[in-house]
Amino acid sequence: MLFSIIIPAFNAERYLCDSLESVRMQTFTDYETIIVDDGSTDKTSEIADSFAGKNLQTHVIHQENKGLLLARRAGLQAASGKYVVFLDADDSLRSTALQDIAEVIHKYDVDIVSFRYSRQDNFLTSDSPSPLPIGIYDGERFEEAKLHLCKGRFNEMWSKAIRLSCFDCTADYSNYAGLMHGEDLLQLLPVFDSAHSLYSLDKVLYFYRPNDSASTARYKSSQLSDIRKVNACLLSFSMKWGNACYQTACHGEVMQYINLLKIAVSYLSYASFGDVFRSIRKVMDDEGCLARAQQCQLRIDNSIIVFCLMHNFCYLAFLVLKIINCIKG
């Protein structure tokens, strides 16, 4: 079997049928579907079981709620396909997705196939930020793919088909239970450490449904804790991959914290933002990130935010981020 499609689902009754229909409509048929019902309390379980009853090679795992990361891990441990494709329960695959990926695999036999995604369900436009140029990345050139991952612009698990043997399937991730912010990157780091080749496919194969109620859409203190853990792993792996990857990871680390501030400023009052600012500043200082940030080549607006963090200029950071939001809005 070539593919295992893993669909983690928690209270996903609103869109799960659409997601599963996109799987059923695949033009390539050598695949299995693994639905992980992560302790849902709505009709997700019924929808999953009903689909499995009508479609061969579909398996449903019912478990208590453990969060997205451990739901995906459960799917990986049950997978029997040579490659894994992840599909979130509110998203969809293009009908030719598996066929297009299979053609690349048969031609190049790569460990990873990356592809584009869209926020439109017609798959006509790509919303993939800073995609790798089309082509194969192997040998020494695979470092370019690692650099792209370290930048933090390449860390969606669902935008890639990955050889199952590249996953650390037997590793214990229980210490990361409940981690939501950065869990994709956390799992991709060991994948890229094991892999040797990637093909960047210039086709839009995935529909990503925008979700304003997503767990990472509003600032929570758990996000800061999650990022701290994930960044520690990022720096550890990047050091193994060489100085270029490490320097790029330092840049990516700084941007993770700045992005948290950008999330916070979008809806918090200045008083509440101040609490977030001080919490982020303390973590960055404790982790040595503020010191590393001084060596990073950042865009001017991000450099100003780092300057504010270094000198504890909370109000200036608040104003700059508000101005940036106004310009973008």
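Residues numbered from 1 in each chain as written. Predicted model: local features only at pLDDT ≥ 70, side-chain atom pairs only at ≥ 80, totals over all residues. Heavy atoms only, no water.

An unreviewed UniProt entry lists the protein chain under the name Glycosyl transferase, group 2 family protein, with Bifidobacterium ruminantium given as the organism.

Draft legend 1. View of the UniProt feature "transmembrane region" (unreviewed entry) in the protein chain. Under the UniProt annotation, the feature "transmembrane region" (unreviewed entry) is placed at residues 304-324. Secondary structure across residues 304-324 divides into 90% helix and 0% strand, with the first and last C-alpha atoms of the span separated by 12 Å. (UniProt positions renumbered as here; feature names shortened; annotations may be inferred. Helix = DSSP H or I, 4+ residues; strand = E, 2+ residues; numbered from the N terminus.)

Draft legend 2. Structural context of helix H6 (residues 183-194). The buried fraction of H6 amounts to 10 of the 12 residues, a majority that puts the element mostly inside the structure. Of the positions making up H6, those classed as buried are Glu183, Asp184, Leu185, Leu186, Gln187, Leu188, Leu189, Pro190, Val191 and Phe192. (Buried < 20%, exposed > 50% of the residue type's maximum accessible area, 1.4 Å probe, protein only.)

Draft legend 3. Geometry of the pairing of strand E1 (residues 3-9). Burial of E1 is extensive: seven of the seven residues sit out of reach of the surface. Side chains of E1 alternate between two faces, with Phe3, Ile5, Ile7 and Ala9 and Ser4, Ile6 and Pro8 buried alike. Across seven bridges, E1 lies against strand E2 (residues 31-38) in parallel orientation. Opposite Ala9, over in E2, you have Asp37 as the bridge partner. With respect to chirality, the unit in which E1 leads through helix H1 (residues 16-24) into the neighbouring parallel E2 is right-handed. (Pairing = 2+ DSSP bridges. Right-handed = clockwise from strand over helix to strand, strands pointing away.)

Draft legend 4. Inspection of empty space enclosed by the protein at higher detail. Per the counting criterion, the structure on display carries one cavity of 30 Å³ or more. Around the largest cavity, the lining comprises 13 residues; the ones closest to its centre are Phe115, Ser128, Phe154, Glu156 and Ser159. Looking at the lining of the largest cavity residue by residue, the classes come out as six nonpolar, three polar and four charged. (1 Å grid on protein atoms, 1.4 Å probe; cavity = no way out; pocket = protein on both sides within 12 Å on 5 of 7 lines; lining within 4 Å. Points joined across faces, edges and corners; volume = space filled by probe spheres on them. Nonpolar A, V, L, I, M, F, W, Y, C, P; charged D, E, K, R; others polar.)

Draft legend 5. Quick peek at the UniProt feature "domain: Glycosyltransferase 2-like" (unreviewed entry) in the protein chain. According to UniProt, the positions carrying the feature "domain: Glycosyltransferase 2-like" (unreviewed entry) are residues 4-123. Between the end C-alpha atoms of residues 4-123 there is a gap of 22 Å, over a span that is 36% helix and 28% strand.

Draft legend 6. The packing of aromatic side chains, seen in detail. Within the structure shown, the criterion is met by 16 aromatic pairs. Measuring from ring centre to ring centre gives 6.1 Å for Phe154 and Phe192, while their planes differ by 75°; the resulting arrangement is edge-to-face. One end of the pair, Phe154, is in the loop between helix H5 (142-150) and strand E8 (160-163); the other, Phe192, is in helix H6, and 38 residues separate them in sequence. Since its relative accessible area comes to 0%, Phe192 is described here as buried. (Phe/Tyr/Trp six-rings, centres within 6.5 Å; stacked < 30°, edge-to-face > 60°.)

Draft legend 7. Representation of the nonpolar core within the structure. In this structure, Phe3, Phe167, Phe192, Leu198, Leu261, Phe273 and Ile280 are the most contacted members of the largest nonpolar core, which totals 114 residues. Residue contributions to this core peak at 12 residues, all from helix H8 (residues 243-265). When residues of this core are sorted by domain, at least three fall in each of domain 1 (3-207) and domain 2 (221-328). In contact with Leu261, not counting residues within four places along its chain, are Phe273, Val276, Phe277, Ile280, Ile305, Leu309 and Leu321. (Core = buried A, V, L, I, M, F, W, Y, C linked by side-chain atoms within 4.5 Å. Domains from an automatic or database assignment. Contact = heavy atoms within 4.5 Å.)

Draft legend 8. Focus on the side chain of Asn231. Position of Asn231 relative to the elements: it lies in helix H7 (residues 221-241). Beyond its immediate sequence surroundings of up to four residues, Asn231 is in contact with Glu253, Gln256 and Tyr257.

Draft legend 9. Summary view of the domain arrangement of the protein chain. Under the domain assignment, the protein chain is made up of domain 1 (3-207) and domain 2 (221-328). One C-alpha centre belongs to domain 1, the other to domain 2; they are set 28 Å apart. With 19 residues of domain 1 at the interface, the matching set in domain 2 holds 19 residues. For the domain 1 and domain 2 pair, buried surface summed over both sides reaches about 1600 Å², with 72% attributable to carbon and sulfur atoms. (Buried area = accessible area lost by both parts, 1.4 Å probe.)

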